[in-house]
Amino acid sequence: MAHLYKKLKKGHEYFYIRETQRVYGKPTTINQVYLGTADKVEAALGKGGFSPKEFGSVFALNELDREVDLAGMINEILPPKKRVRGPSLGELVFYAALNRAIAPTSKRQLANWYETTDIQRIRPLRLESLNSQNFWNHWDRISDADLEKIKTAFFKKINSILPDQKHRLIIEAADISAPPKPSVFAGMPQPDQDFLAEHLAQQKLGLALITEWSQGIPLYYQSYSGGVPATGFYDHLEHLIGKVANLGVAIEDVTLLVNQEMDAAPIIEQIDAKDGMHFIVSYAPDFAPELTEISLKDFRPLPGNRGAQLSPVAKEDEKILFYETQATFWDRPRRVVITFDPKSFHKSYQDLGKKVQRVRKETLALSQRLAQEANQANAIESIKTHLAQLCLRLKISPDLFQLNFVQEKGQFRLEFQLDHRQMAGVVRHFGKNILITDRQDWGVEEIYDTCVTRAVLGPELGDAKSATNNRPYGNAKDNRSLFQKALLPLYHWTDSKIRVHLFVCVAALNYLTLLSQRLATAGITMTPHEAIEELRELRTAIYAKDPEGKLKRVLEEVSDQQAAILKTLGYVIEDGKVAAL
């Protein structure tokens, strides 16, 4: 409830808008907005709403949770301790998942973010309880065995609310590197920092994620200490499929997405020998350079409109192109699809140009400083070493550059040139991806959409080196998927916290994809990201809504798209509020 609140300071009257609500049974001020003196209040009340707060996204995902009841599920496995006030363990996990699905922040910023939302009208709580220490105290209660119980209960519930049908499963696996905590490096020399960073980067956690094919709804996941098993992964694959079947999921077939960090040969040998198992392997162009020699004149626009990138209104020079052929891989003829993304090409080309200019500038500047050195041989060697180290940091090849040292009057002069042949070879790979599969029953757009557009894991989850090898000069942050955006950055540095964090992120992905599935059933074609961004624009604000000037928090103007999304959840807008149909 909103009302005007007057304070007296040194004999002067100052006005605020206060909103109060019962939280845990007690009247609590949940929002306060400073207005000023009486004359300013009178002038301001006719200008529109005060204190707008994000409403639609939080409301929609909270409604989806009514079917799931994540907090109740966790509290049943790990009941709240006596004398503990504030949110329970289950509620803290849900609040973290809600944030990760909408606008991921660190735990320190979680309360500040929720203060910008209308969470108090949807799921009231004391925001000060959303502090990082409270999260750690509660999350420390979750052992590996408890987490497995939570996962089993959660995914059984997810399966129960999906349509009763056989599902095509997509299985992906990737490594996650825990980032070194910044304070670890305080006061350390650079060599020691580099050594420790490399050591910590090797402390990987592997993740295998199983989703259903149509909307990408997660049905199960498994984490691995030390990273995804490099050998014998097929045995783990069989275990995962068995686990999903035991959860009650009816399986039609399974497709494993294989990235170039995995040892594909033994996995594909096993898949070839078993019915109902398929694969799609994604490789960078340098895996089969001869395929990149195919002229773009022979490529065609990718058909269909399933993925977010496949827009029917895309400009001709922005459409994704493909070329399909057959080639022998792993002792058998395979279906091969080479794709070309113009946007990725242009980003990579511009990025390379900036790096080349930096290398040119730094190398020439260094050569001018060293040209008068007494020991010319050492000076030239220093320049070559600097070039190699700079190229390593920028993740480009030093072979792109030709250095010619010309002697003039006892001094050298550096002639710096690009190797245009090497450059053309690098550029030829930009924007291209090689997809190899045994799926003969899928169209090209289905293969592309599954492996490129909708895949939720990938090299970006691993270390920078593997990401660079797969997309040599692309912007990995821009290419991140829906799940990667929820997962990264981690803001965690210990395995125990990361394991709980992984569950939170998978739960967030479940809410997003369930929303997308609900919309698709109603004939609304929107990606989860598009739906959430639309709902984030649906806000509430405080208005004077009657002749007496009483203040009410109501919804701001609602768009047709927002109204349509709310209708799929069973709600309409009446008098500035949501009402059940």
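Residues numbered from 1 in each chain as written. Predicted model: local features only at pLDDT ≥ 70, side-chain atom pairs only at ≥ 80, totals over all residues. Heavy atoms only, no water.

### Quick notes on the overall build of the protein chain
Counting secondary structure elements, the protein chain contains 21 helices and 19 strands. Burial status across the protein chain gives 50% buried among its 581 residues. Sequence separation of at least 24 residues holds for 65% of the intrachain contacts in the protein chain that already meet a minimum separation of 6. Split by element, the accessible area of the protein chain, about 28,600 Å² in all, is 48% carbon and sulfur. (Helix = DSSP H or I, 4+ residues; strand = E, 2+ residues; numbered from the N terminus. Buried < 20%, exposed > 50% of the residue type's maximum accessible area, 1.4 Å probe, protein only. Contact = heavy atoms within 4.5 Å. Areas by Shrake-Rupley, 256 points an atom, 1.4 Å probe, with all protein chains shown as cover.)

### Let's talk about the environment of Leu 482
Of note, Leu 482 is situated in helix H18 (residues 482–487). Overall, the relative accessible area of 26% leaves Leu 482 in the partly exposed class. Along the primary structure Leu 482 and Arg 454 are separated by 28 residues, whereas in three dimensions their C-alpha atoms are 8.3 Å apart. Setting aside residues up to four positions removed in sequence, Leu 482 forms contacts with Leu 509, Leu 512, Pro 528 and His 529.

### Examining the pattern of salt bridges
Tallied over the full model, the rule gives 23 salt bridges. Note that Arg 518 is salt-bridged to Glu 67, the shortest N-O span being 2.7 Å. Of this pair, Arg 518 sits in helix H19 (residues 495–521) while Glu 67 sits in helix H2 (residues 56–68), and the two are 451 residues apart along the sequence. Between Asp 351 and Lys 355 there is a salt bridge; the shortest N-O distance is 3.4 Å. Of this pair, Asp 351 and Lys 355 both sit in helix H13 (residues 342–370), 4 residues apart, roughly one helical turn. The partly exposed category is assigned to Asp 351, whose relative accessible area is 25%. The class for Lys 355 is buried, based on a relative accessible area of 15%. Members of the salt-bridge network, linked through shared partners, are Arg 168, Glu 252, Asp 253, Arg 439 and Asp 441. (Salt bridge = Lys/Arg side-chain N within 4 Å of Asp/Glu carboxyl O.)

### Structural notes on the packing of aromatic side chains
Under the counting rule described, the total for this entry stands at 23 aromatic pairs. Plain terms: the ring middles of Phe 55 and Phe 59 are 5.2 Å apart, the flat faces sit at 20° to each other, and that makes the pair stacked. Across this residue pair, the class does not change: Phe 55 and Phe 59 are buried. The structure contains a cluster of three or more aromatic residues connected by ring pairs, namely Phe 94, Tyr 95, Trp 113, Tyr 114 and Tyr 511. Residue placement shows Lys 107 over the ring face of Phe 135; its charged tip is 5.8 Å from the ring centre. Sitting above the plane of the Trp 213 ring, Arg 168 keeps its charged end 5.9 Å from the centroid. (Phe/Tyr/Trp six-rings, centres within 6.5 Å; stacked < 30°, edge-to-face > 60°. Lys NZ or Arg CZ within 6 Å of the ring centre and 35° of its normal.)

### A look at the environment of Asp 175
Mapped onto the elements of the fold, Asp 175 is located in strand S5 (residues 167–177). Between the C-alpha atoms of Asp 175 and Lys 204, which are 29 residues apart in sequence, the distance is 6.3 Å. One polar contact links the side chain of Asp 175 to the main-chain amide nitrogen of Val 228, over a distance of 2.6 Å. (Polar contact = N/O pair within 3.5 Å; in protein donor to acceptor, adjacent residues only side chain to side chain.)

### What to know about the side chain of Thr 105
By the secondary structure assignment, Thr 105 is in the loop between helix H4 (89–102) and helix H5 (110–115). A relative accessible area of 15% places Thr 105 in the buried class. If we skip the residues at most four places from it in the chain, Thr 105 touches Asn 99, Arg 100, Leu 110, Trp 113 and Tyr 491.

### Looking at the side chain of Thr 568
Tracing the backbone through its elements, the reader meets Thr 568 in helix H21 (residues 560–568). Ignoring sequence-local partners within four residues, the contact set of Thr 568 consists of Arg 518, Leu 519, Ala 522 and Ile 524.

### Some remarks on helix H10 (residues 233–246)
Over its 14 residues, H10 extends 20 Å from the first C-alpha to the last, a length consistent with the 20 Å expected when each residue adds 1.5 Å. Inspection of H10 places Phe 233, Tyr 234, Leu 237, Leu 240, Ile 241 and Val 244 among the buried residues, and these make up the whole buried set. The arc that holds every buried residue of H10, seen down its axis, measures 110°, which confines them to one face. Opposite the buried face of H10, by more than 90 degrees, sit the exposed residues Asp 235 and Asn 246. Phi turns positive, to about 100°, at Gly 248, one or two residues after H10. (Expected span 1.5 Å × (residues − 1). Arc of directions from axis to C-beta.)

### With respect to H13
End to end, H13 covers 42 Å across 29 residues, agreeing with the expected 42 Å (1.5 Å per residue, within 8%). All of the buried residues along H13 are Pro 342, Phe 345, Ser 348, Leu 352, Lys 355, Val 356, Val 359, Thr 363, Leu 366, Ser 367 and Leu 370. Looking at the packing, one finds that the buried side of H13 touches strand S12 (332–340), helix H14 (376–394), strand S13 (401–408), strand S14 (411–418) and helix H15 (420–427). Regarding H13, its N-cap is Asp 341, as a side-chain oxygen of that residue lies 3.1 Å from the backbone nitrogen of Lys 343 further along.

All we've got here are geometric facts, nothing functional implied.
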